[in-house]
Amino acid sequence: MMLVVVTLTMNAALLVYNPWGMGRLQAPTLTELGVRSTNERMVLYGGLQAHYTDPTITISDALMFDFNLSELDLRMLGGAVAVNVADTPPPDVDPDAATHIYTLDTGTQVLFFAAPDNDVIVFEGNNQWIVAGRGAS
Amino acid sequence: MIAVGYVLGLWLLGFVVALGCFPRTLSPVFFAWSAYLFGAMVWMFGGLLMMVSPLTYSPLTMGVWVALVTGVAVGAWWVRGVRLSWTESRAVALVFAAFALVAVGAQVLRFAFGTYDAVAQLRFAEYLAHNIYTENTRILLTRWGIFLPTLHAPSRWVGQPFFLTVQPLFMVSLLGLFVYLTRMALQRDYPGAAASGWPVVMVVIVASAQFMVMLTVAFYSNTLSAAYFSSGVLLLWNAHRAGEPRWVPVAVALLAGFTFTRTETVIFLVPVVVVFLAQGVLPPRVWYRALAPLALVTLGWYGWLATGNRLDFPPEVFVYLTPLRALAIGLMVPVIYPLIFVTQLPLVRRRLPATDALVLGGALVLLSGAIVLEPQLMLNSIYNTLQNLFMKGVFWWGASWLFMVLALVILWDAPPVTGGRLLVATILAFFTVMLLLSFLAGGSYHSWSFRDSGSRMSAHVLPILAFYVTLRAAPLFERSTVPDRT
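Model, not experiment: these values are computed from the prediction.

A. Up close: the packing of aromatic side chains. Residue and element names in this part refer to chain B. What the rule picks out here adds up to 30 aromatic pairs over all chains. For the pair Phe45 and Phe260, a centre-to-centre distance of 5.4 Å together with 75° between the ring planes defines the contact as edge-to-face. In this pair, Phe45 is assigned in helix α2 (residues 28-52) and Phe260 in the loop between α13 (248-259) and α14 (265-277), connecting sequence segments 215 residues apart. Judged by relative accessible area, Phe45 falls into the partly exposed class, the value being 22%. Judged by relative accessible area, Phe260 falls into the buried class, the value being 2%. A centroid spacing of 5.1 Å and a plane angle of 20° characterise the contact between Trp301 and Trp304, whose relative ring orientation is stacked.

B. The confidence of the model for chain B, seen in detail. Scored by pLDDT, chain B has a mean of 86; 90% of the residues are at 70 or more. When pLDDT is averaged over each element of chain B, α13(B) comes out on top at 96 and helix α6 (residues 135-141) of chain B at the bottom at 63.

C. Representation of unusual backbone geometry. Phi is positive for B:Arg24, which is not a glycine, with a value near 55°. Assessed through its relative accessible area of 55%, B:Arg24 is described here as exposed.

D. Summary view of a nonpolar patch on the surface. Residues and elements named next belong to chain B. Where nonpolar side chains cluster on the molecular surface, the patch consists of Met1, Val104, Val108, Leu109 and Phe111 and spans about 460 Å² of accessible area. Looking at which element gives the most residues to the nonpolar patch, the answer is helix α4 (residues 86-109), with three residues. Relative to the helices and strands, Val104 resides in helix α4.

E. The arrangement of the confidence of the model for chain A in detail. Residues and elements named next belong to chain A. Of all residues in chain A, 23% attain a pLDDT of 70 or more, and the chain-wide mean is 57. Ranking the helices and strands of chain A by mean pLDDT puts helix α1 (residues 2-17) first, with 88, and helix α2 (residues 30-35) last, with 32. Confidence drops under pLDDT 50 across residues 24-43; counting only partners more than four residues distant or on other chains, this segment forms 77 contacts. Ignoring residues within four places in sequence, the model shows residues 64-82, a span with pLDDT below 50, making 60 contacts including any to other chains.

F. Region of interest: the pattern of salt bridges. Residue and element names in this part refer to chain B. A full pass over the atoms with the stated rule returns three salt bridges over all chains. One salt bridge connects Arg262 with Glu264, and the closest N-O pair in it is separated by 2.8 Å. According to the relative accessible area criterion, Arg262 is buried, its value standing at 10%.

G. Examining the packing of α2(B) against helix α15 (residues 284-307) of chain B more closely. Residues and elements named next belong to chain B. For the pair α2 and α15, the least separation of the axes is 11 Å and the interaxial angle reads 45°. Our classification of the angle between α2 and α15 gives oblique. The handedness of the crossing between α2 and α15 comes out as left-handed. Along the contact surface, α2 presents Phe45, Leu48, Met51 and Val52, while α15 presents Val297, Trp301 and Trp304.

Thresholds applied
- For every chain, the first residue of its written sequence is number 1, and the numbers climb from 1 along that sequence.
- Whichever chain is written first becomes A and whichever ligand is written first becomes 1, with later ones labelled in order.
- Owing to the predicted nature of the model, reporting of local features is limited to residues with pLDDT of at least 70; listing and counting of side-chain atom pairs is limited to 80 or more, with chain, interface and lining totals taken over all residues.
- Note: side-chain values were computed over all heavy atoms of the structure, leaving out hydrogens and water.
- In this analysis, rings of Phe, Tyr and Trp, with Trp reduced to its six-membered ring, are considered paired at centre separations within 6.5 Å, and the interplanar angle assigns stacked below 30 degrees, edge-to-face beyond 60, and tilted for intermediate values.
- A run of H or I in DSSP becomes a helix once it reaches four residues, and a run of E becomes a strand once it reaches two; helices and strands are each numbered from the N terminus.
- Exposed residues in this analysis have more than 50% of their type's maximum accessible area, buried residues have under 20%, and partly exposed residues fall in between, with area computed by a 1.4 Å probe over protein chains only.
- In predicted models, pLDDT denotes the confidence assigned by the predictor to each residue on a 0 to 100 scale.
- Patches in this entry comprise residues that are over 30% relatively accessible and not in a salt bridge; like charges within 9 Å are linked, as are nonpolar side chains (Val, Leu, Ile, Met, Phe, Trp, Tyr) within 5 Å.
- A 1.4 Å probe and the Shrake-Rupley method give the accessible areas. Residues count as covered only by the protein chains that appear here.
- By convention in these notes, a salt bridge is any Lys or Arg side-chain nitrogen within 4 Å of a carboxyl oxygen on Asp or Glu.
- Throughout, a residue-residue contact means that at least one pair of heavy atoms, one from each residue, lies within 4.5 Å.
- Between N-to-C directions, angles span 0 to 180 degrees; the directions come from axes that are lines fitted to C-alpha atoms, helices contributing only their stretch in contact.
- Just so you know how the angles are binned, under 35 degrees is roughly parallel, over 145 roughly antiparallel, 65 to 115 roughly perpendicular, and the rest oblique.
- In this scheme the handedness of a crossing depends on how the near helix is turned from the far one: anticlockwise by less than a right angle means left-handed, clockwise means right-handed.

Written out as structure tokens, the structure reads:
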């Protein structure tokens, strides 16, 4: 019986601690997608990996799909999300100041950067710079 | 609320179909707990039919499919005179209410989780909903099972990216059937333990593992696999233990659902079925009949995947499920037929009690061979699987796997469970096949990660291990008057 109590206590503690960030679907800003919620980071990760695993899925598609997956209210962002892909970083982003680095199963490293605008996320993978969100250009 | 109506509609469909197909085999309460599994399976087979035929997957064709199946099932009710008593109706209504409550809760609370595998399958659902068959569709088809996408595809028809209600009801089915089938098993020798809260405590230990909670809300096929596989095996075990042949087709139907949840699931199914049928407790004709639809459907589907089809698969797009592998998997269930015949030979019959040990021994020989051929790959996979369940994996599995192992150590001297060897053989064969997959799939080992496919697959067998532990511990909850049998 002691074993049952210890097991249930440990399981309950883990559920409260929630290290993998399972949570309710909300409508965070795009910056929050990249930095705050593990759950939504994982969703974003999934979309990116979809692209890097299968190049027929465009980054734009992958991200749009993830926005759907998170059920973000795109209207809150002022309309459709724009995605811009470029070979060089945006002028106001320091390329040496990545805030998060994810290594996908394919080996591709994706670096996330602090965005000057709260409504965009900026990341780099396979030497491509991607800016996504309202105001991306 | 469309998402709630959709899953409750699947429940009603499944209840009507299950009672129509298997009247007077098991209690209507069993079919109430398994109704969602049967309804989802009917829907999946409809989607599969649309894929392999010139028909398209659309609200109209799927509506006609559901209407046809419902019509046939209602006709079967009428012809076979299926009637529910007041007590049965009330119990069934209560189970339905539990499903409805969870569906509404899932929609209101909006918990969700997903990674690449989930994204890919939901993407496939989108393609299926709009009948988009591109190069990417082909790649997706060879990597993931058809089941989960067919269930989520209708969400796209109503402008939603997925249904939040679909996954949680599979977990409710799994847990409800676990308690029902565990009580059924205990009733024979330990009625006191069956009536105690012990099966409920065990289900809480399984369900409270964070990984199981994650599977309740995540868009993974493993939730479906765990529900179909564990309930099918537990019912098969009960059929074997009670010598009740009428339960075998129901169990095989549940296992048929399992075979379509993922591309590799048939490989797990075959050793389990062989272990059970070789015991000779249930007559061969029962197995011949029960396995026939499954053999036909798996051969048809995997044959379709293997030989190319109207999508005109070029061989190079098969990354995981190559045409040869698809054909081999498609032939696995039909190959059981000659095995049934062999088990009837007098020479073999005399040695049947050792068949579970033979199957297990064969699996271990294969595993040893794989270790010799690819030592680094296989040892990595074994080490990482242990990490996932008992070491670092405690951060996603909680203490549930540790509990099962420690409980078995404590219960080492407990009276043996009649038929327990079948459960042990099933669990060990499952892990052996799981490890062999890393060898067969072309050299990718299981990693220690909560995203690892092996870690998720372990969820398929955890309820079976919990069932075994429940039976081993049952004497603690009752002074049985029934003599122990071995």
